[in-house]
Protein chains: 2
Amino acid sequence: MIEVIPFINANKEKYIDELKDFLKIPSISTLPEYKDAINSAADFVAKKLKAAGISRINIFKTEGHPIVYGEWLGAPGKPTVLIYGHYDVQPVDPIELWNHPPFDPFIKDNKIYARGATDDKGQLYMHIKSVEAYFKTRGSLPLNVKFLIEGEEEIGSENLEKFINDNTELLKCDSVLISDTELYEAGLPTLTYGLRGLAYMEVELTGPSQDLHSGSFGGAVANPINVLAEMITKLHDKNGKITVPHFYNNVKRLTKKEKNNYKRLKFSDKRLARELGVKELYGEKGFTTLERLWARPTLDCNGIFGGFTGKGAKTIIPSMATAKISMRLVPDQDPKKIIKEFTKYVKKLAPKSVSIIVRELHSAFPVLTPLGDKAAVAASVAMEKAFGKKTVYVRDGGSVPIVTVFTKKLKAPTVLMGMGLNSENLHSPNEHFDLNHFHLGIISSAYFMEEYSL
Amino acid sequence: MIEVIPFINANKEKYIDELKDFLKIPSISTLPEYKDAINSAADFVAKKLKAAGISRINIFKTEGHPIVYGEWLGAPGKPTVLIYGHYDVQPVDPIELWNHPPFDPFIKDNKIYARGATDDKGQLYMHIKSVEAYFKTRGSLPLNVKFLIEGEEEIGSENLEKFINDNTELLKCDSVLISDTELYEAGLPTLTYGLRGLAYMEVELTGPSQDLHSGSFGGAVANPINVLAEMITKLHDKNGKITVPHFYNNVKRLTKKEKNNYKRLKFSDKRLARELGVKELYGEKGFTTLERLWARPTLDCNGIFGGFTGKGAKTIIPSMATAKISMRLVPDQDPKKIIKEFTKYVKKLAPKSVSIIVRELHSAFPVLTPLGDKAAVAASVAMEKAFGKKTVYVRDGGSVPIVTVFTKKLKAPTVLMGMGLNSENLHSPNEHFDLNHFHLGIISSAYFMEEYSL
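The model shown is predicted, which means the values in this text are computed figures rather than measured ones. Residue positions are counted from 1 within each chain, in the order its sequence is given. Each chain is given a letter, starting from A, and each ligand a number, starting from 1, according to the order in which they appear as written. Under the rules for a predicted model, residues below a pLDDT of 70 receive no local features and side-chain atom pairs below 80 are neither given nor counted, while totals for whole chains, interfaces and linings still include all residues.

Here we come to the overall build of chain A. Under the DSSP-based scheme used, a helix requires at least four consecutive residues in state H or I and a strand at least two consecutive residues in state E, with every element numbered from the N terminus. Looking only at helices and strands, chain A has 15 helices and 18 strands in total. Here chain A has a C-alpha radius of gyration of 24 Å; the compact-globule value for 454 residues is 22 Å, and the two agree. Principal-axis analysis of the C-alpha atoms places the extent of chain A at approximately 85 × 50 × 45 Å. As a rule, residues whose C-beta atom has 12 or fewer other C-beta atoms within 10 Å are exposed, those with 20 or more are buried, and those in between are partly exposed; C-beta atoms are placed from the backbone. Classification of the 454 residues of chain A by burial places 55% in the buried group. Radius of gyration means the value over C-alpha atoms here, while the globule rule gives 2.2 Å times the residue count to the 0.38 power.

Listed below in structure tokens is the structure:
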């Protein structure tokens, strides 16, 4: 690695200038008027891949935004890593809260401010630069690489999912490498090895066929709001456990090693409570907060509405009440099974006095990369070398649906080697990316290729 | 009564024509553009009172709509009855659902169709005509009469309440007579002797200081919707009893006589369930539906909202959740005390993980006129004579706040001798009034005056 790392170090400023060019392209995927910018961003990625030394490059048209694919398979007998990223970005509203225009990249305190800086242009660009460093110094990569860079991550990756389903042979790989997550704290190398899944439901109760006068009829009929409240209450027991039958059947228990890993992280309940503006944290008994966030399933009402919701008083018994209820799932819960059990259970909970409709709105599988997986170990060692610190192992409470597709369709484990920070305003005004992490990310990527090839 | 009743019978058609003139005036109290009509309606009432023989008439200006007052105190030693009614009406929207213009009275199947027909122009006009019949036949009334006709009933009677407070001497009386309620069924004389009170509250919970990503934070914080649901659930026990401490302390038990009265009414749970579109009725255990509706307090959520209420899925843990919760009260519950107990209780129910605000939005005292009260007995006998059937005794589950003011300020019992029907579309398109009941109402009013004077 003697030539590669010094080369990266020597080109630090050049990489930043290139990233600036990338960040200048307003590739907002959700707004049709940015269609040209979307295409420019795809072209930019393809051009930079080519310049880096990737031989075969294709821009695949889709019904939506193009997918950039590139591969270099010149290391027979060596593993193949598929590097995923996205060139599309979130909208910039509310624009007035930006201290500097979102598509005019601007550096302050060694952070680069622009929409897409950390999510995900800055992070995906790290891998293009590490590949380039290999080609420019050694003329080859230590392993086989496939790039899969999409333009619809911020709008659901619908066309990418189709593309993966249709191209499993092309995309065949031993592991997937993604940099689109966060470091546990600045300067601390972090491997995210688990994501929660999701089962998002809507429960609609109907009592009387229309709103009733609560004076004339209060006492005669079941009130759908009261009934819904009771049903929601029954979804948890007094220890905060979810009561849906068979819900925990496939929940993987935390290993001792994982528990110890979490204990080593400087996590403070008090600090989190203060940040969120609550007097105390709350959750399932018997688990620490990090365990609850990362390795335990949850059930939350995301919304509720029924009856009169305006200002003041209206004396009605409502005809209907609706709740949006979602469950975050953990390995090895299957969202399809959970949705079935949930639906059966809430229908059973509903008394005869109301009718009930249960809708499935959205779902995603949970993801867990075994810590002993070769690619995960390689990423961990690579980051340790780059950062000069021991890598910490975390999970993320959210879901990244596309990772499930990789797992299911490509049968490949995913390594989440993110270099962002939670505080970097993803999806908000003044998004930024720490340039130190950008640089260490390129080095980590380079080390990863070597480690994984061994 | 020989002269009075035949006189009323002989003038039946003339009364209907006069009522038509009254109904032509679009005296919608809530819409400022009908201010002239409001004044015309007040003038109409004053003019008709004068024509009927009422000597002293005053139209009192208020900050809102005028109050028409009239009195005839020519029967010293005899009781004084205060007759209350209102000349204002509800808006007519949705106008397209009317089969005939709302202010162009129209008779079909012996029913008069117009806004205000049953609520309350037709009903208040009955008393003006019975008074007139006395003066035209006997030259005097058998008792002292005061008329108090307001124009703000449909918008809360705010100025009437002030007026009563300021004029207790002027309004002094032995009983209040109101025709603004319903017959239990067509042709069945009905005395409404009880009204429920009200305590209308709003409970607002705040958890985290802003909406949180349910993936990143699900499992760490109490969810205000889930907490609110649990609190609402705790407000009832499994028998449908309200758990607010001391809630039932002052609830008057039904007498045997009342229970027997209710049993005699042809009430069908099945029919009501069908009418309301529910599979089964529901309420506090141990009481019949009529008992629950009329003589038992209830607690209902009138509205609930929190989090994401749009279409589709948004994965948030909401910062806030709000419920509108009202209690219907029965004699002798005191809304002020109930509000205090409720507030204390829900604050106790709220866990430390949320902050809570409890607001009082509205309240009204329950009302109960003793069945043995002289005016109630007179009304009962009067209706029996007019209808040729035994009077039934009912309560109403709703509240009529102004009745409380009469009870508290004038210390007079209120007799609710209504001639409307629940099916006459009060507040809805195609409001109407059965002209047979209009006629029997005039006769009932005439008999009442004689009976009450004895």
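Next, the rest of the story.
A word on the interface of chain B and chain A. With 66 residues of chain B at the interface, the matching set in chain A holds 66 residues. When its residues are assigned to classes, the side of chain B that touches chain A shows 26 nonpolar, 28 polar and 12 charged. Two strands make a pair as long as DSSP finds a minimum of two bridges between them. Pairing between strand 11 (residues 298-307) of chain A and strand 11 (residues 298-307) of chain B: five bridges, direction antiparallel. Paired with A:Gly303 across the strands is B:Gly307, a residue of strand 11 of chain B. Residue pairs are scored as contacts if the distance between their C-beta atoms, which are placed from the backbone, is within 7 Å. All residues other than Ala, Val, Leu, Ile, Met, Phe, Trp, Tyr, Cys, Pro, Asp, Glu, Lys and Arg, Gly among them, are scored as polar; the first ten of these are nonpolar and the last four charged.

Residue and element names in this part refer to chain A. Axis definition: a line fit to C-alpha positions, over the contact stretch in the case of helices; interaxial angles, taken between N-to-C directions, run 0 to 180 degrees. Between helix 2 (residues 12-23) and helix 4 (residues 117-137), the least distance of the axes is 10 Å, while the angle of their chain directions is 135°. With respect to each other, helix 2 and helix 4 are oriented oblique. The hand of the helix 2/helix 4 crossing is right-handed. On helix 4, the residues touching Tyr 15, Leu 19, Phe 22 and Leu 23 of helix 2 are Ala 117, Lys 121, Gly 122, Tyr 125 and Lys 129. A per-class count over the contact of helix 2 with helix 4 returns six nonpolar, one polar and two charged. Working rule for angles: under 35 degrees goes down as roughly parallel, over 145 as roughly antiparallel, 65 to 115 as roughly perpendicular, anything else as oblique. For any pair of crossing helices, the crossing counts as left-handed if the nearer helix is rotated counterclockwise from the farther one by less than a right angle, and right-handed if it is rotated clockwise.

Now for the sheet that holds strand 9 (residues 197-206) of chain A. Judged by pairing direction, the sheet is antiparallel, and its eight strands sit side by side in the order 14(A)-9(A)-13(A)-11(A)-11(B)-13(B)-9(B)-14(B) without closing on themselves. Looking at the sheet topology across the chains shown, the edges are occupied by strand 14 (355-364) of chain A together with strand 14 (355-364) of chain B. Averaged over all adjacent pairs, the angle separating strand axes in this sheet is 20°, with direction ignored. Alignment of strand 9 of chain A against strand 13 (residues 320-329) of chain A, held across 10 bridges, turns out to be antiparallel. Directly across from A:Leu198, in strand 13 of chain A, lies its bridge partner A:Arg328.

This part is about the domain arrangement of chain A. Many analyses report the size of an interface as the accessible area lost when the parts associate. Residues and elements named next belong to chain A. Each assigned domain of chain A is listed with its residue range as follows: domain 1 (4-195 + 366-453) and domain 2 (197-251 + 297-364). For each domain, the first and last residues come from an automatic or database assignment. Distance between the C-alpha centres of domain 1 and domain 2: 39 Å. Counting residues at the interface gives seven residues for domain 1 and eight residues for domain 2.

Below, the discussion takes up helix 14 (residues 401-410) of chain B. Those residues of helix 14 of chain B lying buried are B:Ile402, B:Val403, B:Thr404, B:Val405 and B:Phe406. One or two residues past the end of helix 14 of chain B sits B:Lys411, with phi positive at roughly 50°.

Our focus in this paragraph is unusual backbone geometry. Following A:Asp93, the chain continues to A:Pro94 via a peptide bond in cis, the omega torsion being -5°. Structurally, the position occupied by A:Pro94 is in the loop between strand 3 (80-86) and strand 4 (106-108). Cis geometry marks the peptide bond from B:Asp119 to B:Asp120; its omega dihedral reads 5°. Mapping B:Asp120 onto the fold places it in helix 4 (residues 117-137).

A least-squares superposition brings the copies together, and it is based on the C-alpha atoms of residues with pLDDT no lower than 70 in both. Screw-axis analysis of chain B against chain A gives a translation of 0.1 Å along the axis, an RMSD of 0.1 Å, and a rotation angle of 180°. Put plainly, the chains are arranged around a two-fold axis. Of all interface residues in chain B, 100% are interface residues in chain A too; the two copies therefore contact each other through one and the same surface.

To continue, consider the packing of helix 4 of chain B against helix 15 (residues 435-453) of chain B. Residue and element names in this part refer to chain B. Direction vectors running N to C along helix 4 and helix 15 enclose 50°, while the axes themselves pass 8 Å from each other. Looking at the two axes, helix 4 sits oblique to helix 15. Handedness of the crossing formed by helix 4 with helix 15: right-handed. Residue-level inspection shows Gly 122, Gln 123, Met 126, His 127, Lys 129, Ser 130, Ala 133 and Tyr 134 of helix 4 in contact with helix 15, the latter providing Phe 438, Gly 441, Ile 442, Ser 445, Ala 446 and Met 449. Class assignment of the residues belonging to the contact of helix 4 with helix 15 gives a composition of seven nonpolar, six polar and one charged.

Residues and elements named next belong to chain B. Within the open sheet, the three strands sit side by side as 4-5-18. Their pairing is antiparallel. The outermost strands of the open sheet, each flanked by one partner alone, are strand 4 (106-108) and strand 18 (432-434). Each strand of the sheet is rotated relative to its neighbour by a mean of 25°, with strand direction disregarded. The sheet contact formed by strand 4 and strand 5 (residues 111-113) spans three bridges and is antiparallel. Bridge pairing in strand 5 links Lys 108 to Lys 111. Strands in contact with helix 4 are strand 5 and strand 18; relative to strand 18, the strand with the most contacts, it is inclined by about 50°.

Residues and elements named next belong to chain A. One can find Lys 111 in strand 5 (residues 111-113). You can call Lys 111 partly exposed: it has 19 C-beta atoms within 10 Å. Taking the C-alpha atoms as reference points, Lys 111 and Leu 435, separated by 324 residues in sequence, lie 5.3 Å from one another. With sequence-adjacent residues up to four places away left out, Lys 111 is seen in contact with His 432, Phe 433, Asp 434 and Leu 435.

Here the focus is the environment of A:Asn165. For A:Asn165, the position within the fold is in helix 5 (residues 158-166). Remark: the alpha-carbon pair of A:Asn165 and A:Gly85, spanning 80 residues in sequence, is separated by 18 Å.

A separate point is the confidence of the model for chain A. How sure the predictor is of each residue is captured by pLDDT, a score from 0 to 100. On average, residues of chain A score 96 in pLDDT, and 100% of them reach the 70 mark or higher. Interface confidence in the predicted complex, given as ipTM, is 0.88; pTM for the same model is 0.88.

The tendency in soluble globular proteins is for nonpolar side chains to be buried as a group. By size, the foremost hydrophobic cluster in this structure holds 279 residues, and its most contacted members are A:Ala379 and B:Ala379. Setting aside its immediate chain neighbours within four residues, B:Ala379 contacts B:Leu191, B:Val415, B:Met417 and B:Phe448. We define a nonpolar core as a collection of buried residues of the types Ala, Val, Leu, Ile, Met, Phe, Trp, Tyr and Cys that are connected via C-beta atoms lying within 7 Å of each other.

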